[in-house]
Amino acid sequence: MSRYTPPEQSKAGQVFDIAVVVVAIFVALWLPLKLGLAGAAKSIDALDAKTWEALGQNPTMASIWEKLGYTPETAHDIIQNRFHYVIDWPTLIIMAAVLIGYFVFLFRASDREYRDVINEKFDDQVRVLRTI
């Protein structure tokens, strides 16, 4: 029985694969920023009285803010900058469908490749067993 040797990829193919992965990661991280999707649900909850107590800061927290050079007025936008989570159902459903489709494709392709390797390695033995 011969040992399975996977196909070898050329250096140019490896460099191309790396370039595609780097570009895909860059686009995945950059595109949401460019389209304004990152932090889209972020807003500042404005308060009329800008005091440490109104901002929900205890004396210890207020002293740390002051050590960093902040006053209640300058720290207001940082403390009150909140994410308001709203579920966009159509987008969530599309994302779920894409992920499920990807995993179905992945499992089918892996199953096909696994069966090819098994057939390549053990095809002769299976034929002998079928004739018995």
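Before reading on, note that the structure itself is shown above.
Bear in mind that the values here come from a model prediction, so they are computed numbers and not experimental data.

Trainee: Is there a simple way to explain the overall build of the protein chain in this structure?
Mentor: Secondary structure assignment for the protein chain yields four helices and two strands. Helices and strands appear in the protein chain in the N-to-C order α-β-α-α-β-α. The proportion of buried residues among the 132 residues of the protein chain is 9%. Put simply, of all contacts in the protein chain between residues at least 6 apart along the chain, 61% involve residues at least 24 apart. In the form shown here, the protein chain has an accessible surface area of approximately 11500 Å², with 66% of it arising from carbon and sulfur atoms.

Trainee: In this structure, what is going on with helix α1 (residues 11-34)? I would like to understand it.
Mentor: For the α-helix, the turn length of 3.6 residues means that residues three or four positions removed from each other point alike. The end-to-end C-alpha distance of α1 is 34 Å, a good match for the 34 Å that 24 residues give at a rise of 1.5 Å each. Of all the bends in α1, the largest measures some 25 degrees and sits at Ala 28, one to four residues before the proline Pro 32.

Trainee: What is the right way to look at the side chain of Gln 80 in this model?
Mentor: Turning to its location among the elements, Gln 80 is positioned in the loop between α3 (72-79) and β2 (81-83). Judged by its relative accessible area of 6%, Gln 80 is buried.

Trainee: Would you explain the packing of aromatic side chains in this entry?
Mentor: One pair of aromatic rings is described through two measures. These are the centre distance and the angle between the planes. One pass over the full model with this rule turns up five aromatic pairs. Between Trp 52 and Trp 65, the ring centres sit 6.3 Å apart and the planes meet at 25 degrees, which makes this aromatic pair stacked. Of the two residues, Trp 52 is situated in the loop between β1 (42-44) and α2 (59-67) and Trp 65 in helix α2; the sequence distance between them amounts to 13 residues. Assigned by exposure class, Trp 52 and Trp 65 land together as buried. Ring centres of Tyr 102 and Phe 103 lie 5.4 Å apart, and the angle between their planes is 65 degrees; this geometry places the pair in the edge-to-face category. In this structure Tyr 102 comes out as partly exposed when scored by relative accessible area, which is 44%. An aromatic cluster of three or more residues is present, and its members are Trp 52, Trp 65 and Tyr 70.

Trainee: Can you walk me through the nonpolar core in this structure?
Mentor: Side chains that are nonpolar tend, in soluble globular proteins, to be buried together. Formed by Trp 52, Leu 55, Ala 62, Trp 65, Ala 75 and Ile 79, the largest nonpolar core amounts to six residues. When residues of this core are traced back to their parent elements, those giving at least two are α2 and α3. The residues contacting Leu 55, other than those within four sequence positions of it, are Leu 47, Pro 72, His 76, Ile 79 and Gln 80.

Trainee: I keep staring at the side chain of His 76 and nothing clicks. Help me out?
Mentor: With respect to the helices and strands, His 76 occurs in helix α3. The exposure class assigned to His 76 is buried, which follows from its relative accessible area of 2%. Reaching out from His 76, the side chain makes a polar contact with the side chain of Asp 77 at a distance of 3.0 Å. Among residues more than four places away in sequence, those in contact with His 76 are Ile 44, Asp 45, Ala 46, Leu 47, Lys 50 and Leu 55.

Reading the values: rules and limits
All residue numbers refer to positions counted from 1 along the written sequence of the respective chain. Local features are withheld for residues below a pLDDT of 70 in this predicted model, meaning they are given only at 70 or higher, and side-chain atom pairs are given and counted only at 80 or more; totals for whole chains, interfaces and linings count all residues. Processing note: side-chain calculations cover all non-hydrogen atoms of the structure and skip hydrogens and water entirely. By definition, any uninterrupted DSSP run of H or I lasting at least four residues is a helix, any uninterrupted run of E lasting at least two residues is a strand, and each is numbered from the N terminus. Residue exposure (1.4 Å probe, protein chains only): buried if accessible area is under 20% of the type maximum, exposed if over 50%, otherwise partly exposed. Every residue pair with non-hydrogen atoms within 4.5 Å of one another is taken to be in contact. The protein chains shown are the only cover counted for residues, whose accessible areas, like all others here, come from Shrake-Rupley with a 1.4 Å probe. Expected helix span is taken as 1.5 Å per residue step, with the number of steps being one fewer than the number of residues. Throughout, bend refers to the angle between the axes fitted to the seven residues that end at a position and the seven residues that start at it. Working definition: rings of Phe, Tyr and Trp (its six-membered ring) pair if their centres are within 6.5 Å, and the pair is stacked with planes under 30 degrees apart, edge-to-face with planes over 60 apart, and tilted otherwise. Side-chain atoms within 4.5 Å are what join buried Ala, Val, Leu, Ile, Met, Phe, Trp, Tyr and Cys residues into a set we call a nonpolar core. We define a polar contact as two N or O atoms separated by no more than 3.5 Å, with the added condition that, inside protein, one atom must be a possible hydrogen donor and the other a possible acceptor, whereas residues neighbouring each other in sequence contribute only through side-chain atom pairs.

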